[in-house]
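# Per-entry structural report
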Amino acid sequence: MNMATLYQIGDDGSRADLCEIDEEPVVVGRSGRARVNIEDDGLSRRHFLIQRDGGDYIIRDLNSRNGTWVDGERVFAEKLHHNAHILAGRTLFLFADQPVSSTVLRKPLTGPHGTVLISAAAEAERSASEPILCQSE
């Protein structure tokens, strides 16, 4: 069975940390109960969910206050494609439904309305942030 992977993207474009997505839905948010727990004040406690639907994967915004963005477009429920960029709060993710060979993203990252994402976070702040945690539910 094909399994997808959710990566957190670092400020330098590198893939950092991951969570494999199988038959169980994956909830991403600030809550310790979320399977993927991220320390980001821009995230809701339960921000978005990715679930398998047959051979596809669907992302659903869970009524987050700042919205969920896929490839620069706000989404509420959307079929994900390989190499989709997901922006939630100030955290960027990469969805891969097949193995990703490169450790660094090659194309510029975009946010809402096609704006190019440039990190303004200081390295000290970045190193102090919590890593992504993929927990069993």
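Summary of the structure given here. (Residues numbered from 1 in each chain as written. Predicted model: local features only at pLDDT ≥ 70, side-chain atom pairs only at ≥ 80, totals over all residues. Heavy atoms only, no water.)

Below, the discussion takes up the overall build of the protein chain. When its secondary structure is counted, the protein chain shows one helix and twelve strands. In the protein chain, the succession of α and β elements from N to C terminus is β-β-β-β-β-β-β-β-β-β-β-α-β. The buried share of the protein chain, taken over its 137 residues, is 42%. Excluding contacts between residues fewer than 6 apart, the proportion of contacts in the protein chain whose partners are at least 24 apart in sequence is 42%. (Helix = DSSP H or I, 4+ residues; strand = E, 2+ residues; numbered from the N terminus. Buried < 20%, exposed > 50% of the residue type's maximum accessible area, 1.4 Å probe, protein only. Contact = heavy atoms within 4.5 Å.)

This next bit is on the nonpolar core. Ile50, Ile86 and Phe95 are the most contacted members of the largest nonpolar core, which totals 21 residues. Elements represented by at least two residues in this core include exactly strand 1 (4-9), strand 2 (15-21), strand 3 (26-29), strand 5 (48-53), strand 6 (56-61), strand 10 (84-88) and strand 11 (91-96). Per-element tally for this core: the top contributor is strand 10, with three residues. Contacts of Ile50, omitting those with residues within four sequence positions, involve Leu6, Ile21, Pro25, Val26, Tyr57, Ile58, Ile59, Leu80, Ile86 and Phe95. With seven residues, the next largest nonpolar core counts Tyr7, Leu87, Leu94 and Ala96 among its residues. (Core = buried A, V, L, I, M, F, W, Y, C linked by side-chain atoms within 4.5 Å.)

Moving on, we come to the side chain of Arg35. Residue position: Arg35 is located in the loop between strand 3 and strand 4 (36-37). Of the side chains with opposite charge, Asp22 comes closest to the buried, unpaired Arg35, at an N-O distance of 4.1 Å. Of note is the side chain of Arg35, whose polar atom sits 3.3 Å from the backbone oxygen of Glu20. (Lys, Arg positive; Asp, Glu negative; His and termini not counted. Salt bridge = Lys/Arg side-chain N within 4 Å of Asp/Glu carboxyl O. Polar contact = N/O pair within 3.5 Å; in protein donor to acceptor, adjacent residues only side chain to side chain.)

The subject of this paragraph is unusual backbone geometry. A positive phi angle, close to 55°, is found at Asn63, a residue other than glycine. Its location among the elements puts Asn63 in the loop between strand 6 and strand 7 (68-70). The phi dihedral of Asn83 falls on the positive side, at around 70°, and the residue is not glycine. With respect to the helices and strands, the residue Asn83 is situated in the loop between strand 9 (77-79) and strand 10.

Every regular strand shows the same layout, with side chains that alternate between the two sheet faces. Strand direction decides the pairing type here: strand 5 and strand 6, joined by six bridges, are antiparallel. Bridge pairing links Asp53 to Asp56 in strand 6. Bridge analysis of strand 6 against strand 9 gives three bridges, and the strand direction is antiparallel. Counterpart to Ile59 in the pairing with strand 9 is Glu78. (Pairing = 2+ DSSP bridges.)

Take the pairing of strand 3 next. Of the two faces of strand 3, the one carrying Val26 and Val28 and the one carrying Val27 and Gly29 are both buried. Alignment of strand 3 against strand 5, held across three bridges, turns out to be antiparallel. Paired with Val27 across the two strands is Leu49, which belongs to strand 5. As paired strands, strand 3 and strand 4 are joined by two bridges and run parallel to one another.

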